[in-house]
Each structure stands twice: as structure tokens, then as C-alpha cells.
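Examination of the molecular architecture
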Amino acid sequence: MLLEFEKPIAELEAKLADMKDLAAISDVDVSEAVKSLEDKIKELKQETFSNLTRWQRVQLSRHADRPYTLDYINELCDEFIELHGDRNVRDDKAMIGGFGSVDGRTMMFVGQQKGRNTKQRQMRNFGMANPEGYRKALRLMRLAEKFKKPVVTFIDTPGAYPGLEAEERGQGEAIARNIQRMFRLKVPVICIIIGEGASGGALGIAIGDRVLMLENTWYSVISPESCSTILWRSRDYKEQAAEALKPTATDMLKSKLIDGIIKEPVGGAHTDLVDMTRRIKRAIFRHLDDLEELSAEDRVSERIEKFTSMGVVSGE
Amino acid sequence: MAWFRRKDKGIQTPTEAKKEAPDGLWYKTPKGHPIHIRELKNNCFVSPKDNYHFRIGSREYFEILFDDNKFRELDKDLTSADPLDFVDTKAYPDRIASSQEKTKLKDAVRSATGKMNDIPLVICCMDFEFIGGSMGSVVGEKISRAIDYCLKHKLPLLVISKSGGARMMEAGFSLMQMAKTSAKLTLLADQGIPYISLLTDPTTGGVTASFAMLGDFNIAEPGALIGFAGPRVIRETIGKSLPKGFQSAEFVLDHGFLDFIVDRRELKDRLTSLLQMLQ
């Protein structure tokens with residue numbers, strides 16, 4: 001599945017493939033033409049992806065081929081042991097987690113999981129966790145704390161599930177509890193927005209010593225579509241809403257609401273999972289090394305200090 | 001002979017000079033019971049006929065709770081900035097200005113310190129009239145500073161929530177107020193200072209998913225709508241109508257997320273008893 005702005009690139013790529021096929025069965029020398037077409041593709045890609053609008057980045061964050069939490073975990077880890085359940089209600093499949101070993105270092109991974117086909121999407125509830133998902137996440141993070149292993153969370157959700165049972169089981173309380181408890185985790189916590197970071201549903205696993213965003217993701221209090229519906233009273237203003245919300249990685253860094261951006265390969269994370277994972281791994285290790293220099297008390301107080309200084313007011 | 005007779009002939013009162021009963025003298029509960037403002041005021045804005053709790057704001061709550069309506073307001077000049085230059089159908093600063101003019105409030109929360117039955121405390125009270133009681137940087141900052149004040153003076157904290165959720169026009173900033181207020185509350189907990197969260201009609205969204213649900217005591221007014229997602233969103237998501245009483249304070253109590261429900265007329269005494277027991 002291609003996004004509108006990916007199509008011209010895909011067309012050229014198809015042409016290049018044809019050309020190569022042709023060269024393989026005939027004696028005509030097309031090396032020059034191939035070279036020039038390859039250059040043209042590279043140029044077009046560069047140009048397209050360095051001039052994306054905010055809405056286009058939102059689209060990329062939801063790209064059908066975009067890697068999800070488990071894709072990264074499986075690529076990152078030499079071994080991953082998934083752990084299930086919140087010990088209360090049931091196992092929420094929209095929120096996954098477990099211990100993983102990355103180059104011999106054990107860390108706890110927690111994240112929302114989306115599905116790739118209809119059946120999986122249903123099972124994963126489109127990455128929208130219920131309260132038991134947040135409670136499972138917290139259980140696993142506390143387990144990591146107990147065994148002094150760092151926590152890495154992957155955020156990718158269109159929001160916490162707005163359902164009947166979610167309300168009965170205290171969606172608001174579950175998220176609030178996670179936020180508050182995450183401030184107190186004695187181990188290093190790194191949170192990475194890998195796709196969509198929608199509102200409280202994202203924040204419920206996003207209180208970290210470092211909060212990082214992949215280049216083509218968004219993180220805000222509401223999705224551009226819902227914002228459009230509420231403020232413009234129509235879904236048609238999603239592009240404007242995306243502009244107004246300033247939810248991209250660059251915007252969020254500029255607002256000092258996140259700590260860093262992890263660049264994606266040109267064309268987006270979905271074009272090269274291996275490369276993207278390498279970049280993520282580098283970021284995790286770099287920040288973990290810094291964080292492990294600090295004492296647990298210092299990490300906790302810096303974490304609190306960072307979030308409590310967020311906000312802009314006037315009229316002191 | 002008629003009982004009444006017009007003595008002066010040709011009385012013609014121009015429309016603008018006609019006297020009218022001022023608006024807002026009579027209120028009506030959803031069940032249709034009319035009640036006069038004077039009676040309402042004497043009754044903590046609760047209908048004596050059917051116990052309906054009218055929505056009130058910080059002015060009324062302060063008057064109900066602080067002894068002799070005496071209190072000192074904290075950070076009262078804090079107002080919204082516009083860090084994102086947010087424009088939808090209206091520019092955000094214009095929205096703020098017109099809300100301020102309409103409500104005579106600076107933003108959606110006021111905090112104050114004073115005494116309640118001689119117990120000193122800090123109360124933060126949200127105002128729904130101000131852009132739906134939405135939480136932006138000002139709400140987050142004022143609650144945080146109120147907590148700092150409690151820490152410094154070892155005072156218990158009462159937060160009265162009444163909010164539609166986060167303030168969209170502050171996007172990422174408003175989201176982080178959930179984190180900010182929750183972080184500050186952990187500091188209060190460390191010192192063993194009581195925090196009572198009173199949820200009133202309506203408390204939803206980001207406020208529910210942060211400080212409102214984090215009280216040592218979560219209490220609510222009867223019939224208040226309390227939830228994370230709003231009823232309309234849930235209805236649209238599940239494609240079914242919602243059961244009667246869904247997301248009411250009674251429902252939330254039943255599911256284990258509130259300690260008790262309190263009638264507003266008993267609020268001051270119940271809070272006092274609770275705080276006295278903790279002293």
C-alpha cells in the first residue's frame with residue numbers, strides 16, 4: 001500500500017526494475033540510463049522526504065508497512081521472552097512486554113502492538129489498550145525494577161480504548177497510576193514513539209528519563225482528525241489540525257517536550273527495518289550508558305524535574 | 001365595578017423602559033422542579049426537591065468550604081500563553097480573551113488557602129465555564145504550585161475537578177500537564193500530606209487520567225459524570241447505546257474507583273471529619 005506522495009517514487013522504481021530486466025535479456029547497454037534513473041530516484045526521494053507536511057508525517061506514522069513494536073523487539077533482541085497478563089483481569093494483547101537480551105544486556109520491553117491484517121488488528125484491538133493493558137505494563141516495569149533492569153517502552157497507539165468495559169475497569173485510574181508510578185521507577189526508563197502517540201493512551205507508558213521520537217511519528221493530546229471534528233466540526237480539516245497541533249518530532253523537540261529524535265532511513269522506517277532498528281539500538285545504548293552513570297535517586301529527581309518544568313504561562 | 005381600573009389613560013411604556021424580571025432568578029432541575037436562586041444559594045446549589053446538584057464554580061465552592069468565605073487566592077494572575085500560535089476557527093489568544101471577559105476568570109482553575117472549620121488547607125477548584133474546564137499549562141502550573149505551597153506549609157490539599165479534559169489549543173503542552181501534576185503529587189505523598197480529590201460533574205479525559213484519580217481519597221458528588229472517554233465517543237466506538245447510569249458517580253463507586261459519594265450540603269463537615277481523623 002502506497003501513500004500518495006510515495007507513488008511517483010514507486011513509479012520510477014518500477015521503471016528501473018523494467019529497465020534492469022530488459023538489460024538482462026538483451027545486449028543493449030543500459031548502464032548509463034540505469035545510472036541516471038537511479039540518481040533521479042534518489043533525488044526525488046530526498047526531495048519528497050525532506051519536505052513532508054505535518055499531515056504527511058502523520059500518514060507515514062500509520063503506514064500499512066510500518067514496523068510495529070514486536071518487529072523492532074525481534075530485530076533488536078538475541079532472545080526475547082514475552083510475559084503476559086495483569087494478574088487481575090486478563091491478558092491485553094494490545095499491550096505487550098517481556099525481557100529481552102540485546103547484545104547480552106537484559107532490558108524490559110513494553111509497548112502497544114498493532115496488527116498487520118484484519119484478524120491480527122482485531123486481536124490487537126488496533127493498538128488500543130484497555131486498563132488491564134496499562135496494569136500489565138506497570139506490572140512488568142516493576143518487575144524490571146525488582147531485578148534492576150532498564151525499561152524501554154515503544155509507543156504506538158491511536159489512543160487508550162474508549163469502550164464500555166474500559167470505563168468499568170477504570171481506564172482513567174489505570175493511566176493515572178502508570179504515570180505516577182513511572183516517575184518513581186528506580187531503573188532507567190527510555191520511551192520511544194515509533195508510530196502514533198495519541199494522548200493519555202500514549203502517556204500511560206511514556207514517562208521516561210529520555211523520551212525519543214522516530215522522525216516520522218506524531219505525539220499529541222489528540223489526533224488531527226478528532227481535533228478537526230471538535231474544533232472545525234468536520235473531519236475535513238485534518239491537515240490544518242495537524243499544522244495547528246504541531247505534533248511531529250521536530251515540533252515536539254522544539255517545544256522541549258521530548259528529548260531527542262531518531263532519524264529514519266530516507267523513505268521512512270518501513271523501507272528498511274534493519275537499518276531503522278540499528279538506529280534505535282544505537283540510541284538506546286547511548287542513553288542507557290549516560291543514565292547508568294547516575295544514581296537511582298538522581299534519575300528519579302531529574303525525571304520529575306523535567307516533566308514538572310513543562311508548560312508555558314504568562315503573568316507570573 | 002371592576003377590581004382594577006386604569007386611572008391614567010393612554011399609558012404607553014416604550015419597550016426599552018419595560019421592567020423585566022432579571023434572568024437567572026429561577027432555576028429548573030432536569031426533572032422539572034423550579035427553584036428560586038435565593039433558596040438554591042441557601043442550599044449549596046442543591047435542589048431540595050430532588051437533590052439535583054447544580055453545576056457551580058470556584059466562587060461558590062470557596063464560599064461553601066472556607067470559613068466565613070475568607071481565603072487568600074494563590075497565583076491568581078497566571079494566564080495562558082500561546083506557545084504554539086494555535087489557530088483553528090479562531091486564534092487561541094482571542095478565545096482566551098473572550099472567555100476571560102465572559103466568565104471574569106483568568107483560566108479554568110483557581111487555588112486558594114484558608115480555613116475549613118478551623119483546619120488550614122489549600123483548595124484548587126476548576127471552573128467548567130472557562131473553555132469547558134480544560135487543562136492547559138495554567139491549570140497544570142497552578143495545581144503544581146498549589147502542591148508546592150502545601151509542601152512548604154504542610155497543608156492538606158483538596159482538588160475539586162470539573163473538566164472536559166485537556167485543552168487542545170495547547171496540544172503537547174496540555175498533554176504534559178497530566179505528567180506534571182502527577183509527578184508533583186508523588187512529592188506530596190512522600191511527605192504524608194493528605195490529598196483529597198473531589199470529582200464533580202463532569203470530570204473526564206486527561207483530568208480523570210491524572211490528578212483526579214490519584215487522591216488518597218477519591219470522592220464525588222451525586223450524579224456526577226465521571227469517565228475517561230466521553231459518552232459520545234464510547235457510543236460511536238461500540239455502536240451501541242449506553243446503559244442508564246453509565247459513568248455516573250454511583251457507577252464509578254460501584255466499580256471501586258471512589259471512596260464515597262457526598263451530598264454537597266454535607267461536604268464541608270465530611271471533609272472536616274476526614275481531615276481531623278488524619279491529624
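Residues numbered from 1 in each chain as written. Chains lettered and ligands numbered in written order. Predicted model: local features only at pLDDT ≥ 70, side-chain atom pairs only at ≥ 80, totals over all residues. Heavy atoms only, no water.

1. Digging into the overall build of chain A
A tally of regular secondary structure across chain A gives 14 helices and nine strands. Relative to a compact globule of 316 residues, whose C-alpha radius of gyration would be 20 Å, chain A shows 21 Å and is just as compact. Taking the principal axes of the C-alpha coordinates as reference, chain A spans close to 70 × 50 × 45 Å. Out of the 316 residues in chain A, the part that is buried amounts to 58%. For chain A, the share of sequence-separated contacts (at least 6 apart) that also reach a separation of at least 24 residues comes to 71%. (Helix = DSSP H or I, 4+ residues; strand = E, 2+ residues; numbered from the N terminus. Rg over C-alpha atoms; globule rule 2.2 N^0.38 Å. Buried < 20%, exposed > 50% of the residue type's maximum accessible area, 1.4 Å probe, protein only. Contact = heavy atoms within 4.5 Å.)

2. Thoughts on the environment of Ser99 of chain B
All names here are of chain B. Position of Ser99 relative to the elements: it lies in helix α3 (residues 92-103). A relative accessible area of 11% means that Ser99 is categorised as buried. In the structure, Ser99 is positioned 32 residues away from Ile131 in sequence and 6.9 Å away in space, judged by C-alpha atoms. Not counting the four nearest positions on each side in its chain, Ser99 is found in contact with Lys104, Phe130 and Ile131.

3. A short note on the pattern of salt bridges
Residue and element names in this part refer to chain A. What the rule picks out here adds up to 42 salt bridges over all chains. The partner of Arg90 in a salt bridge is Glu132, and the shortest N-O contact between them spans 2.9 Å. Remark: Glu132 occurs in helix α6 (residues 131-146) and Arg90 occurs in the loop between β1 (79-82) and β2 (95-102); sequence separation between them is 42 residues. When its relative accessible area of 41% is taken as the criterion, Arg90 is described as partly exposed. A relative accessible area of 0% means that Glu132 is categorised as buried. Here Glu196 ties to Lys114 by a salt bridge, and the two come within 2.7 Å at their closest N and O atoms. Highlighted residues: Glu196 in strand β5 (residues 189-198) and Lys114 in the loop between β3 (105-112) and α5 (118-123), separated in sequence by 82 residues. Among the residues examined, Glu196 registers a relative accessible area of 6% and is labelled buried. (Salt bridge = Lys/Arg side-chain N within 4 Å of Asp/Glu carboxyl O.)

4. Points about α6 of chain A
Residues and elements named next belong to chain A. The end-to-end C-alpha separation of α6 is 23 Å, in line with the 22 Å expected for 16 residues at 1.5 Å each. Most of α6 sits out of view: twelve of its 16 residues are buried. If you check which residues of α6 are buried, you get Pro131, Glu132, Gly133, Tyr134, Lys136, Ala137, Leu138, Arg139, Leu140, Met141, Ala144 and Glu145. In this structure, the buried side of α6 is in contact with β2, β3, β4 (151-157), α7 (164-168), α8 (171-182) and α9 (199-203). Count one or two residues on from α6 and you reach Lys148, which has phi positive near 55°. (Expected span 1.5 Å × (residues − 1).)

5. Re the state of the cysteines
Taken as a whole and assessed by the stated rule, the structure comprises zero disulfides over all chains. Cys77 of chain A carries a free sulfur, and the closest cysteine sulfur to it, the one in Cys191 of chain A, is 17 Å from it. According to the relative accessible area criterion, Cys77 of chain A is buried, its value standing at 11%. No disulfide involves Cys124 of chain B; its sulfur sits 7.1 Å from that of Cys150 of chain B, the nearest cysteine. (Disulfide = S-S within 2.5 Å.)

6. Things to note about the interface of chain A and chain B
The interface of chain A with chain B comprises 48 residues on the first partner and 55 residues on the second. Both faces combined, the contact of chain A with chain B buries some 4400 Å², and carbon together with sulfur accounts for 72% of it. At the boundary of chain A and chain B, one finds one salt bridge. In this structure, Asp190 of chain B engages Arg184 of chain A in a salt bridge whose closest nitrogen and oxygen atoms are separated by 2.7 Å. (Buried area = accessible area lost by both parts, 1.4 Å probe.)

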